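Analysis of the macromolecular model
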Amino acid sequence: MQEDYINIILADDDADDRMFFTDAFEELKITTKVKTFNDGVELMDYLHTDDAVFPNVLFLDLNMPRKSGLECLTEIKQSDKFNDMAIAIYSTSASEEDIEKTFVMGANIYIKKPNDFKTLKKVLQEVITINWQYHTNGLNKDNFLLRL
Amino acid sequence: MPGRILKKSWLIKSIFFISAFIILLIGGITYRSINNLSQSSALLTQTYKLNVELEKIFIDLKDAETGQQGFIITNDPIYLRPYNVGRENINASFAALKELGSDNIPLQNDLKDLNSLIDTRMEYFERAFRYSSVGNYYDENFTVNFNKGKETMDTIDVKIHGMIDSQNELLQKRQQAYESNLKVTPMFLYMVLLLSLLLMFIAYTKIIRDLKKIKAVNEQLEIFKESTNQSQVISQHGNWILNVDEKTFEYSDNLYRLLGEEPQSFTASTTNFSNYVHPEDQEKFKKEMERLFKYNDLPFIYFRIVQKNGMVRHFKAFGKEYNNSEGKRKVLGTISDITGEIEHFKILEERNLELERNNRELSAFNYVASHDLQEPLRKIQTFLSRLEDKESANLSEVGLLYMTRIKNAASRMRMLIDDLLQFSRTNKADKSFELADMNVLLENAQQDLAEIITEENAIITAGKLPTIKLIPFQIQQLFSNLINNSLKYKSKNRNPEIQITYSKVKASEEPELVNAHKSYYHKITIKDNGIGFNNEYAENIFVLFNRLHNKDEYSGTGIGLSICKKIVENHQGFIFGSGTPDKGAVFTFFLPLS
């Protein structure tokens, strides 16, 4: 049953990060379907196909070749069909500038890539169990950046 | 100064006219009195002459009488001659008398009386002659006439002497008038002389004094002119004057020098000047000159000139109308060589560009540090945690030790990168000051450190802090770093206690604030009971990467306090640290009172 799965997509050009990401979900006791893409172009191509499965949460790396996370975010926010998709920014940097920009552009949460695997698991667990309806209503610049 | 001299010249003019008037007046009076004098002397002469003529008449009558008597006695005609001559003389004297006394009516009357008396006397003479014959003196008619003649003669005598007396009286009066005139006239002359001398003296002293003043003023002008020349050379500017009515120019010496020419080496004119104007600025210059001739005014204009040796200089010119004391219209102008200024400006601009470029590079470096450097490190750390989770069991004891060492090194590197980033982001340029409550900022800082504070059982007490204009997140960072520092360097023997106090102070009363540029400061002190430090190092602790302790003992990066210093300096403040080994440290920062 498709409904039982939480659909997750990650777009990240870094193979190691993609590996950590999928490993973490494998170790978490949550039934998820994780799809990864190597860059923004691949991601957007997929999302625009007719049989694309829209994820519950889309994890976007910011710094990617060809099409950056910001460009993907812009495109996604321009189209109504992605309205139900929660967007988590998943980046190495946590610069004020990036946080500010992605918040204004309509991302739902900002995650700074953690430094160890345990924390990563904790973060991902937290993110996919968020009640997005509730979170988005109370969203402001202070709780936009995920802190554990 | 010129105004004062002008006023004086007006004074001199009026003094001159007044004295000329007085001299003329006195001269007139003197002329009149001299005139009077000559008149009175003429009158005197007239009176004398009158008297003489009267005496002559009397003498002539006497002669005639004597002649008659002689003729009567001797009957000799020789005696008749005085009689005849006497008659003629009397007539001549009468004519003279009439003329002399023409303006004297009483005299005329007297003369008339005298004339009729003389006529009567003559008639008696005639009659006596008719009745006389030699030797016969007893003829009754002769005797009557002769006697009557004698009587008339007596009357004439009385009359003439009366007249002479009255003339003498007149003479005396006139003599008195003459004498008084004689006294007054020299006095007037003398007065004129004195007055003229006095006026001359006043005029002389005045002129001498003014001359001295003018000389002094001239000297000042000369000095002023010379210093103007010097200052023109030093400050690279020249003056020009446009005589509006004549449409001619005058240039100062230095203006020629600015053009690269010898002073006054060519006639000052627009045409000659425009030969030096840069070809690209010719049109602009021409327009400005037309404007100058039309409105007698030159706003600030900028143009370039080319000297004969090919050097291009930048000029700035300005002119304004000025009316001199004689009402001549002139435009006074200045030209200054601003090539240096412009070159400085260009250098400054280049430096600014370079600075901007540097800043851009620095922010690019920031990005590299924040992203690219962190990424491999993060991977190392994550892989390490994976290794630890999955492979710990397969590692020997030495392998486990090495792994711990690698982990420590990696986390230290992370700390360094984070601190460095924070340090490079702590700049003022793009951060705006806003009014913020420092109590709230301190509270936030404590919340950030809540974990470690609880862990260390630290007690933090704080007095009331002010609400001032600052960069809020930086001051929060400052509190955070300072508290963190105190906790990091706590004493092993006691729980950390941190006291934060505040007061408003006068810069002059704080010995540390020697370089203060404001009078009042907010003073905030953070005092702990940690390990303290030797005051020898009080200044070193703020230097980047400077550490007082081995990194194995204390985990500092040597950046935290440098960030504190940078933050305080961003706020035009000062920060100082002092310590007592094993007792504690005190950090004090001062923020200017706005």
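Residues numbered from 1 in each chain as written. Chains lettered and ligands numbered in written order. Predicted model: local features only at pLDDT ≥ 70, side-chain atom pairs only at ≥ 80, totals over all residues.

**Re the overall build of chain A**
The helix and strand tally for chain A stands at seven helices and five strands. Counting from the amino terminus, helix and strand elements in chain A follow one another as β-α-β-α-β-α-β-α-β-α-α-α. Sorting the 148 residues of chain A into buried and exposed places 34% on the buried side. Within chain A, contacts between residues at least 6 apart in sequence are counted, and of these 70% link residues at least 24 apart. (Helix = DSSP H or I, 4+ residues; strand = E, 2+ residues; numbered from the N terminus. Buried ≥ 20, exposed ≤ 12 C-beta atoms within 10 Å, placed from the backbone. Contact = placed C-beta atoms within 7 Å.)

**Let's talk about the nonpolar core**
One broad trend across soluble globular proteins is that nonpolar side chains are buried collectively. Core analysis: the largest hydrophobic core is formed by 34 residues, its most contacted members being I475, L478, F479, L482, C564, V568 and F589 of chain B. Elements represented by at least two residues in this core include exactly α9 (397–425), α10 (438–448), α12 (472–488), β10 (520–528), α13 (560–570), β11 (574–580) and β12 (584–592) of chain B. Residues C72, I89, Y110 and L124 of chain A belong to the second largest nonpolar core, which totals 33 residues. (Core = buried A, V, L, I, M, F, W, Y, C linked by C-beta atoms within 7 Å.)

**Overview of the environment of H549 of chain B**
All names here are of chain B. With respect to the element layout, H549 can be found in the loop between β10 and α13. In this structure H549 comes out as partly exposed when scored by C-beta crowding, with 14 C-beta atoms within 10 Å. In this structure the C-alpha to C-alpha distance between H549 and F533, which are 16 residues apart in sequence, comes to 9.9 Å.

**Concerning the sheet that holds strand β1 (residues 237–243) of chain B**
Residue and element names in this part refer to chain B. Across the sheet, five strands lie side by side as β2-β1-β5-β4-β3; this open sheet has antiparallel pairing. Strand pairing shows two members of the sheet lacking a second neighbour, β2 (248–251) and β3 (298–306), which therefore form its edges. Here the strands of the sheet are splayed against their neighbours by 25° on average, with no regard to which way each runs. Alignment of β1 against β2, held across four bridges, turns out to be antiparallel. Opposite L242, over in β2, you have F249 as the bridge partner. Docked against the sheet, helix α7 (residues 282–295) engages β1, β3, β4 (312–323) and β5 (329–337), running at close to 145° with respect to β3. (Pairing = 2+ DSSP bridges. Axes fitted to C-alpha atoms, helices over the stretch in contact; angles between N-to-C directions.)

**Notes on the confidence of the model for chain A**
Predicted confidence across chain A gives a mean pLDDT of 85, with 96% of residues reaching 70 or more. Across chain A, element-level confidence peaks in strand β3 (residues 57–60) of chain A with a mean pLDDT of 92 and bottoms out in helix α6 (residues 132–137) of chain A with 70. (pLDDT = per-residue confidence, 0-100.)

**Digging into the interface of chain B and chain A**
Facing the twelve residues of chain B at the interface are twelve residues of chain A. Broken down by class, the residue content of the side of chain B that touches chain A amounts to no nonpolar, six polar and six charged. (Nonpolar A, V, L, I, M, F, W, Y, C, P; charged D, E, K, R; others polar.)

**Thoughts on the confidence of the model for chain B**
Should the pLDDT be low somewhere, the predicted coordinates at that spot are not to be read in detail. Chain-level statistics for chain B give a pLDDT mean of 84 and a share of 95% at 70 or above. In the model output, the complex is listed with pTM 0.50 alongside ipTM 0.80.

**Observations regarding helix α3 (residues 69–78) of chain A**
All names here are of chain A. Looking at α3, one finds that the buried residues are G69, C72, L73 and I76. Angularly, the buried residues of α3 cover 100° about the axis, an arc narrow enough to put them on a single face. Relative to its buried face, α3 has exposed residues pointing more than 90 degrees away, namely T74 and Q78. Those residues of α3 that are buried lie in contact with β1 (6–11), α2 (40–48), β3, β4 (86–91) and α4 (96–105). (Arc of directions from axis to C-beta.)

**A look at the sheet that holds strand β2 (residues 32–37) of chain A**
Residues and elements named next belong to chain A. Strand order across the open sheet formed by five strands is β2-β1-β3-β4-β5, with parallel pairing between neighbours. Where the open sheet ends on each side, the last strands, each with one partner, are β2 and β5 (109–112). Between one strand axis and the next, the sheet turns by 20° as a mean value, whatever way the strands run. Note that β4 and β5 share four bridges and pair parallel. Considered in β5, the bridge of S91 is made with K112.

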